[in-house]
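# Secondary and tertiary structure notes
Each chain, written out:
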Amino acid sequence: MEKLKDKFVYLSSLQSVVETENHIEFDVVALSVTCVERYYGKLCFTESALSKKAHTLIGKPILLDHKWEVEKIVGVVADAKYQDGKIIAKLRIPKKFEHLIELIKLSPSPIQAV
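The rules behind these values
- Residues numbered from 1 in each chain as written.
- Predicted model: local features only at pLDDT ≥ 70, side-chain atom pairs only at ≥ 80, totals over all residues.
- Heavy atoms only, no water.
- Phe/Tyr/Trp six-rings, centres within 6.5 Å; stacked < 30°, edge-to-face > 60°.
- Buried < 20%, exposed > 50% of the residue type's maximum accessible area, 1.4 Å probe, protein only.
- Pairing = 2+ DSSP bridges.
- Helix = DSSP H or I, 4+ residues; strand = E, 2+ residues; numbered from the N terminus.
- Disulfide = S-S within 2.5 Å.
- Contact = heavy atoms within 4.5 Å.
- Axes fitted to C-alpha atoms, helices over the stretch in contact; angles between N-to-C directions.

## Notes on the packing of aromatic side chains
Any two aromatic rings considered together are summarised by their centre-to-centre distance and by the angle between their planes. This model, assessed by the stated rule, comprises one aromatic pair. Both rings, one in Y39 and one in Y40, keep their centres 4.9 Å apart while their planes meet at 80 degrees; by these two values the pair is edge-to-face. Like Y40, Y39 is exposed.

See the structure below:
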């Protein structure tokens, strides 16, 4: 039986959390060369595609439940870089989303994936 966790991109070590007066930032593995199963089939990226397109994530919104609605925007991709077969994205979330931030910072966090 396939493990559910194999289908998600996991938060990196939350030792990478940086907190300012207005927001927090932390790193996640946004995409990797590992294929994932989706309802429409396999989703796969080559190393070449990831390395060329990593920078295009910068400035993209972070959406709750991947819903493209203004009310679902909870932050922004502050930075993104290709590294060892992965795109590492730095996410920035405003502190007004206190509940979300508390859940991210919990150890262990109930938010396992993005």
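## Some thoughts on the pairing of strand 7 (residues 86-94)
Pairing of strand 2 (residues 23-32) with strand 7, which is carried by nine bridges, proceeds in the antiparallel orientation. Looking at strand 7, one finds that V28 is bridged to A89. Hairpin remark: strand 6 (residues 73-83) followed by strand 7, antiparallel, with two residues in the connecting loop; positive phi at D84, about 50 degrees.

## Section: the state of the cysteines
Counting across every chain of the model gives one disulfide. One disulfide bridge connects C35 with C44, the sulfur atoms lying 2.0 Å from each other. Because the torsion about its S-S bond is 125 degrees, the bridge between C35 and C44 counts as right-handed. By relative accessible area, which is 36% here, C35 ends up partly exposed. Exposure remark for C44: the relative accessible area of 41% places this residue in the partly exposed category.

## A short note on the sheet that holds strand 7
Strand order across the open sheet formed by five strands is 1-2-7-6-5, with antiparallel pairing between neighbours. Lying at the two open borders of the sheet, with one neighbouring strand each, are strand 1 (18-19) and strand 5 (61-63). Relative to strand 2, strand 1 runs antiparallel, the two being bridged by two bridges. Along strand 2, the bridge assignment pairs E19 with I24. Against the sheet, helix 2 (residues 98-105) touches strand 1, strand 2, strand 6 and strand 7, its axis set at about 135 degrees to strand 7.

## Details of the pairing of strand 2
Of all 10 residues that make up strand 2, eight are buried, and the element is covered over most of its length. From the end of strand 1 to the start of strand 2, which pair antiparallel, there are three residues.

These figures capture arrangement, not role.
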